[in-house]
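Here's the letter readout for the chains.
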Amino acid sequence: MENIKIAAAGDSSILIEFGKEINPETNRKITTIMQLIKDQQIEGVVDMIPAFCSLLINYDPRIVSYGKMQKRLYALVKMDVRYQAGRKKVFEIPVCYGGVYGPDMDTIAAHAGLTQEEVIKIHSSKDYLIYMLGFLPGFCYLGGLDERIHTPRLANPRVKIAAGSVGIGGSQTGIYPLDSPGGWQLMGMTPVKTYDPDRKRPILLEAGDYIRFIPVDEGEYRRIKELVEQNEYECTVREGEV
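Residues numbered from 1 in each chain as written. Predicted model: local features only at pLDDT ≥ 70, side-chain atom pairs only at ≥ 80, totals over all residues. Heavy atoms only, no water.

Draft legend 1. Summary view of the nonpolar core. Core analysis: the biggest nonpolar cluster contains 26 residues, and I93, M187, I211 and F213 have the highest contact counts within it. Considering every element that reaches this core, the biggest residue donor is strand β5 (residues 87-97), with 4 residues. Sequence-distant contacts of M187, that is, excluding residues within four places in its chain, are made with C96, Y97, G98, Y101, G102, M105, I108, V119, H123, V166, G167 and I168. I14, L36, I42 and M48 belong to the second largest nonpolar core, which has 20 residues in total. (Core = buried A, V, L, I, M, F, W, Y, C linked by side-chain atoms within 4.5 Å. Buried < 20%, exposed > 50% of the residue type's maximum accessible area, 1.4 Å probe, protein only. Helix = DSSP H or I, 4+ residues; strand = E, 2+ residues; numbered from the N terminus. Contact = heavy atoms within 4.5 Å.)

Draft legend 2. Just the layout of surface pockets, in detail. The calculated volume of the second largest pocket comes to roughly 350 Å³. Every residue lining the second largest pocket is counted, 13 residues in all, and those nearest its centre are R199, L204, Y233, E234 and C235. Residues that form the lining of the second largest pocket fall into these classes: 6 nonpolar, 1 polar and 6 charged. (1 Å grid on protein atoms, 1.4 Å probe; cavity = no way out; pocket = protein on both sides within 12 Å on 5 of 7 lines; lining within 4 Å. Points joined across faces, edges and corners; volume = space filled by probe spheres on them. Nonpolar A, V, L, I, M, F, W, Y, C, P; charged D, E, K, R; others polar.)

Draft legend 3. Representation of the pairing of strand β2 (residues 13-18). By the bridge criterion, 5 bridges tie strand β1 (residues 4-8) to β2 in an arrangement that is antiparallel. For A8, the partnering residue across the bridge sits in β2 and is I14. Inspection of the sheet shows β2 paired to strand β4 (residues 54-59) by 5 bridges, in the antiparallel sense. Looking at β4, one finds that S13 is bridged to N58. (Pairing = 2+ DSSP bridges.)

Draft legend 4. Molecular detail of the packing of helix α1 (residues 24-40) against helix α2 (residues 66-78). Remark: α1 packs on α2, axes separated minimally by 10 Å, with the N-to-C direction vectors making an angle of 120°. Here α1 is positioned oblique relative to α2, judged by the angle of their axes. The two elements α1 and α2 meet at a crossing, and its hand is right-handed. Together, I33, L36, I37 and Q40 of α1 and R72, L73, L76 and V77 of α2 make up the contact between the two elements. In terms of residue class, the contact of α1 with α2 is made up of 6 nonpolar, 1 polar and 1 charged. (Axes fitted to C-alpha atoms, helices over the stretch in contact; angles between N-to-C directions. Parallel < 35°, antiparallel > 145°, perpendicular 65-115°, else oblique. Left-handed = near helix turned anticlockwise from the far one by under 90°.)

Draft legend 5. How the structure looks around unusual backbone geometry. Backbone geometry places F135, a non-glycine residue, at a positive phi of 70°. Along the polypeptide, F135 turns up in the loop between β6 (128-133) and β7 (140-143). The phi dihedral of N231 is positive, around 55°, even though this residue is not glycine. Mapped onto the elements, N231 comes out in the loop between α5 (218-229) and β14 (236-241). Judged by relative accessible area, N231 falls into the exposed class, the value being 66%.

Right, dumping it as structure tokens:
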């Protein structure tokens, strides 16, 4: 069972820990166990919350006891399953980089010793794994930012960052789903709403999905934004090999 540990996390939650390393393999273990729990429709499970190296399972103790739930989970993690390493779902997120959309692009490029065009090429050249969601509804913690464009957070965080802003904070990159205070360096903006409370599925993305940032010019940004406001835009979603 490797380094997997299962323990109580309150009177109606159980935490499964998958070691301490943050990497794609650990994420695949977490998503596989989540899928097994869904497939087996384990009675009493209310919600599952994945994190970098753990999975929190909330259950209803009126339906199933802690002992029975723990026993069932131990049986699942002992199963001889191949952790999912096949297909991945990639959401293509359009981004208008620089200018008024990315006010810190000069800082990011100067810190990296690169041109803005080189920064954009690096940032948009790979699929980013969503390890977990948190901080704000729909905020994705992404892995895999190229070390060449790691950039320190702002010394003085902004009081308000607009929803859709794409930024870099240290070794991470991501999208602000809501207007929020924040200290990340802003490099661009997407018209896509990763969180929309009026949508049937408010949070667009899930842990285990991938994001690919697609550079667009201002005209294309405005065109997509108008479609988004009319509820007529859907992100391109493609499948690929993990």
